[in-house]
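Observations on the model geometry
The chain contents come next:
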Amino acid sequence: MKRLLYSLILIAVSALSTQAQTTVKGILQDSLTHEGEPYATIRIYKGKEVKAQSTPTTMALTDLDGNFAATLKEQGTFTMLCSSTGKNTVARTFTANGEKEIDLGTLLTSDMESVMKAMDVVAQKPIVKMEADKVSYSVQDDVDSKSMSILDMLRKVPMVTVDGQDNITVNGQSSFKIYVDGKPNMMLSSNPSMILKAMPASMVSSIEVVTNPGAKYDAEGAGGILNINTAMAAGGGSNAAQSMNGYNGSISAEGGNRGGGAGATVAGQQGKFSYNANVHYSYNNNGTVTADMLRKQDNGVTTEYKMNTSNVVPFVMGNIGLGYEIDSLSQINASFGITRYNFKTNGDPTTRMFGGALGTGFGYSNHTLNKQGSTGFEGSLDYQRFFDAAHNGSISFVYQANITPATKESETTGFRMEGMGDSSMMPADRMSDGKENTQEHVFQSDVVNRLAPHSKLNYGVKYAFRRSTSDMDYFDVQSGNKTYNALLSTDYEQRSHIGAVYAESENTWEKLTAKAGLRYEHTWLEMMDNANNDKNFKKDYGNLVPSATLSYTVGMAQNLGLTYNMRISRPGISYLNPYVDRSEPTSLTYGNSDLDVEKTHNIGLTYSIYTPKVIISSSLRETLANGGIEQYSFMDNENRLNTTFGNIVDRRLTSLNIFAQWSMTKTTRIILNGAVNYNYLTSNELDATNKGWSGNAMLNVQQTLPKNWTVSVYAITRSKEHTLQGHRGGMNIGALTVSKSLLQDRLNLSLTAATGLSKGGKLHIDQYAEGKDFTSTTKISVPITRANLSVRWSFGNSKKKFATHESKVQNDYIEHKSSSESISNASNM
């Protein structure tokens, strides 16, 4: 009986103790930038006074955003101390009377004056933050960003790879979407490699890889979304406190053996009005790329092809953003941007065919000149109104427009034939002149409803209209006389209408958060060939796209996530257009109007652990796609290589990505970023199967030295990658950056040197392809050795990162594009 009574007493005491537990939460931020302070130590002591020998009742760490939550099992008066490296300690006294939760709100901390003067202590901010549905890379906290391009920085971002020819893949997929400051950028999505190579990384605060876009985002893009946040647009919004009035900005210039550039940014706030603007110009000379191709056919015919190309790319961009806080519940924002580039490529190809029925064969050579210019205009206007003073819900209306006119010119001259007795068979010199234009208009409305403190329901609608035109005229030139070539010329128009509706629910139960959504998109597509009405066609289809995310907080600094989503890739106009490109005498290229949408299913498992010294983030991902769109080639009866597209491949990609950061000392940081992939591809139509392992790794050592010197050394290696009909070779790159800060960090000087870790400092890339009746090998040499010096001057009276807004529009009607639509680089053969 005594034992039973004793047990009941213990159960009662335990129950009372459990009921008395109180969660103390809040957020610790920098007083100037209002950024969350990561990995700060939270200590809570009993009583109003804290003595040196006092033992804390409980402890916790802030997460990457500065949030903290600590559990109290007692009642009474407590004192909390928040301490972080190089920051003043923040103290807060409060009383707990058995409440379930106490929210201390936002606590502000500032830099320690002695630390700022002596610079003896250096806080190592985390470079990467991995969540269940996205990965964020803090570019501004990477010393290499001072003198590198955005494309260079992408080589260091988890789940993103950039090969030796500057082709970008996200989660192993070449189909992805690009946002800038939360808004889709049509020109950047069309030519990502070229434009990102021209943009300095110092313009960027962070790069986000949204691996599991929710229902609010467009379904387009098998690999997900690449969101580039500029340095101006980081942080709050136009609802910032009016006491934060001020301005800041920077002026920068750079130059080296591959070109140079200059730029300026400014951002600020005055009362309810906020603004930002930037402008940048660059000139890139990418050197001479060489390619040697050898193709052997089963009928004994051999083709040898050699090509030397060089290109230069002048680039200019400018953006302006304005925001106004109408009242405490509503705000309006507007932005306008312009991007302009010119692309000029010179080439000297030679071709020789022999063997089989051709005997000793024949050969020819010529000179090619290609020019392309494009100007992109982007504007947006959005209005947002919150439902209450606590901003628990809102409704927004957005309009966005993109207009991208472009011009294209090409010349093929100086044909020289060998081994062909009939001179009349020699191809005539050829030139082309064309214009293209793409216009896009987007209307979107979104509603956010907080149904309960830990429950949200989001829903919205969207409509997008896109019109693309292309008018390309080809001429044969003989003795200075031009003759219109109707067979090669094109004049077509594409119109697309996309309507979408979505709903998404998010719920949180202590350590578990669940998000599930459903999106329906319907597409109406019309293709009109003004030169040949017989080739006109229409397509009409709908897609239901589900997504789901589960995230669980394992411990104080450990997170586990499980995700699923379906993504689609719409075939682009060059994929669909049945026009036959006969501009190359030995090959034909054409589209397939019967292509269907490619559907990709992604399942992911993420795990992250964060400590003040070590960060490890990992992701295991399985990607499945049946009937995927693939470019393939075959030989016809006239020994010409035919290249087209089809829903012919089934893909299965398994990938493991690991990012690790070790703050070995207060001044030394070692970063490892790597991935291992297994790719399986099969096609019944081509009777082909290919599979194999691939991988990539980046090792980076960053050292902070006395007197504000920093040194960064990194090396990148990538193995060969398997394709359906062969493989593409890997690469090895090394780079060194030395940086010096002066005048209280207002002036920064950076010197970067990079080279290929192979003969001659170049990238040597081998490619192999095999069809039913041919094999082809290609050897490409890309010059990459460069040295670059950059100077950056920062000015202003505030460290705050002002912003007008983060756009509410989540649109990007980006189609699955072929290499003829997306100019990656002159080295992309």
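Details of the structure are given in the entry above.
Residues numbered from 1 in each chain as written. Predicted model: local features only at pLDDT ≥ 70, side-chain atom pairs only at ≥ 80, totals over all residues. Heavy atoms only, no water.

**Description of the sheet that holds strand 2 (residues 41-46)**
Note on sheets: strands pair through backbone hydrogen bonds, and any given pair is parallel or antiparallel. In spatial order, the strands read 3-2-5-6; together these four strands make up an open sheet with antiparallel pairing. Lying at the two open borders of the sheet, with one neighbouring strand each, are strand 3 (58-61) and strand 6 (90-96). Across the sheet, the axes of successive neighbouring strands diverge by a mean angle of 20°, strand direction being ignored. Pairing of strand 2 with strand 3 involves four bridges; the strand directions are antiparallel. Note that in strand 3 the partner of Thr41 across the bridge is Leu61. (Pairing = 2+ DSSP bridges. Helix = DSSP H or I, 4+ residues; strand = E, 2+ residues; numbered from the N terminus. Axes fitted to C-alpha atoms, helices over the stretch in contact; angles between N-to-C directions.)

**Regarding the sheet that holds strand 14 (residues 204-210)**
Spatially, the six strands line up as an open sheet ordered 8-9-14-15-12-13, and their pairing is mixed. With partners counted over all chains shown, the strands left at the sheet margins are strand 8 (128-130) and strand 13 (183-184), one partner each. Two strands pair when backbone bridges link them, and strand 12 (residues 177-180) and strand 13 are joined in this way by two bridges, in the antiparallel orientation. Counterpart to Val180 in the pairing with strand 13 is Lys183.

**Details of a negative patch on the surface**
Residues Glu409, Glu411, Asp433 and Asp471 make up a contiguous surface patch of negative charge. Structurally, Glu409 is set in strand 23 (residues 394-418). (Patch = residues over 30% accessible without salt bridge, like charges linked within 9 Å, V, L, I, M, F, W, Y side chains within 5 Å. Areas by Shrake-Rupley, 256 points an atom, 1.4 Å probe, with all protein chains shown as cover. Salt bridge = Lys/Arg side-chain N within 4 Å of Asp/Glu carboxyl O. Lys, Arg positive; Asp, Glu negative; His and termini not counted. Charge placed at Lys NZ, Arg CZ, Asp CG, Glu CD.)

**Digging into the environment of Tyr459**
Inspection of the secondary structure puts Tyr459 in strand 25 (residues 455-478). The spatial distance from the C-alpha of Tyr459 to the C-alpha of Val501 is 7.6 Å, given a sequence separation of 42 residues. In contact with Tyr459, other than residues within four places in its own chain, are Ser445, Asp446, Val447, Asn449, Tyr502 and Ala503. In this structure the side chain of Tyr459 is engaged in a polar contact, spanning 3.2 Å, whose partner is the side chain of Asn449. (Contact = heavy atoms within 4.5 Å. Polar contact = N/O pair within 3.5 Å; in protein donor to acceptor, adjacent residues only side chain to side chain.)

**Overview of the pattern of salt bridges**
According to the stated counting rule, one finds 24 salt bridges in the structure shown. Among the salt bridges present, the one from Arg467 reaches Glu493, with a minimum N-O distance of 2.9 Å. Here Glu493 lies in strand 27 (residues 490-509) and Arg467 lies in strand 25, a separation of 26 residues in the sequence. In this structure Arg467 comes out as partly exposed when scored by relative accessible area, which is 29%. (Buried < 20%, exposed > 50% of the residue type's maximum accessible area, 1.4 Å probe, protein only.)

**Thoughts on the side chain of Asp636**
Tracing the backbone shows Asp636 in the loop between strand 34 (614-635) and strand 35 (641-663). Within the structure, Asp636 has its side chain in polar contact with the side chain of Asn642 (distance 3.0 Å). Leave out the neighbours within four places in its chain, and Asp636 touches Leu588 and Asn642.

**What to know about the nonpolar core**
Core analysis: the biggest nonpolar cluster contains 59 residues, and Leu154, Leu196 and Leu226 have the highest contact counts within it. Look past the residues within four positions of Leu196 in its chain and what remains in contact with it is Ser149, Ile150, Leu151, Leu154, Ile168, Leu188 and Ile228. Core analysis: the next-biggest nonpolar cluster, separate from the first, contains 18 residues, Leu28, Ala40, Ile44 and Ala96 among them. (Core = buried A, V, L, I, M, F, W, Y, C linked by side-chain atoms within 4.5 Å.)

**A word on the environment of Pro184**
With respect to the helices, strands and loops of the structure, Pro184 is situated in strand 13. Expressed as a C-alpha distance, the spacing of Pro184 and Gln400, which sit 216 residues apart in the sequence, is 9.4 Å.

**Description of the pairing of strand 16 (residues 246-256)**
Relative to strand 17 (residues 259-270), strand 16 is paired through eleven bridges, and the arrangement is antiparallel. The residue of strand 17 that forms the bridge with Ile251 is Ala264. Counting the residues that bridge the hairpin from strand 16 to strand 17 gives two residues. Sheet topology note: the strand 16/strand 45 (residues 786-796) ladder contains nine bridges and is antiparallel.

**Details of the environment of Asn657**
Relative to the assigned elements, Asn657 resides in strand 35. A residue is classified by how much of its surface remains accessible, and Asn657, at 9% relative accessible area, is buried. Taking the C-alpha atoms as reference points, Asn657 and Thr606, separated by 51 residues in sequence, lie 9.4 Å from one another. Sequence-distant contacts of Asn657, that is, excluding residues within four places in its chain, are made with Met159, Ser617, Ser618, Ser619, Gly674 and Ala675.

**Here's the deal with the packing of aromatic side chains**
Throughout the structure, instances matching the rule amount to eight aromatic pairs. Ring centres 5.9 Å apart and planes at 70° place the aromatic pair Phe475 and Tyr484 in the edge-to-face group. The class of Tyr484 is partly exposed, set by a relative accessible area of 47%. Seen from the ring of Phe475, Lys482 lies directly overhead, with NZ or CZ sitting 4.6 Å from the centre. Positioned over the ring face of Tyr680 is Arg652, at 5.1 Å from the centre of the ring. (Phe/Tyr/Trp six-rings, centres within 6.5 Å; stacked < 30°, edge-to-face > 60°. Lys NZ or Arg CZ within 6 Å of the ring centre and 35° of its normal.)

Such coordinate-based values are descriptive only and should not be taken to indicate function.
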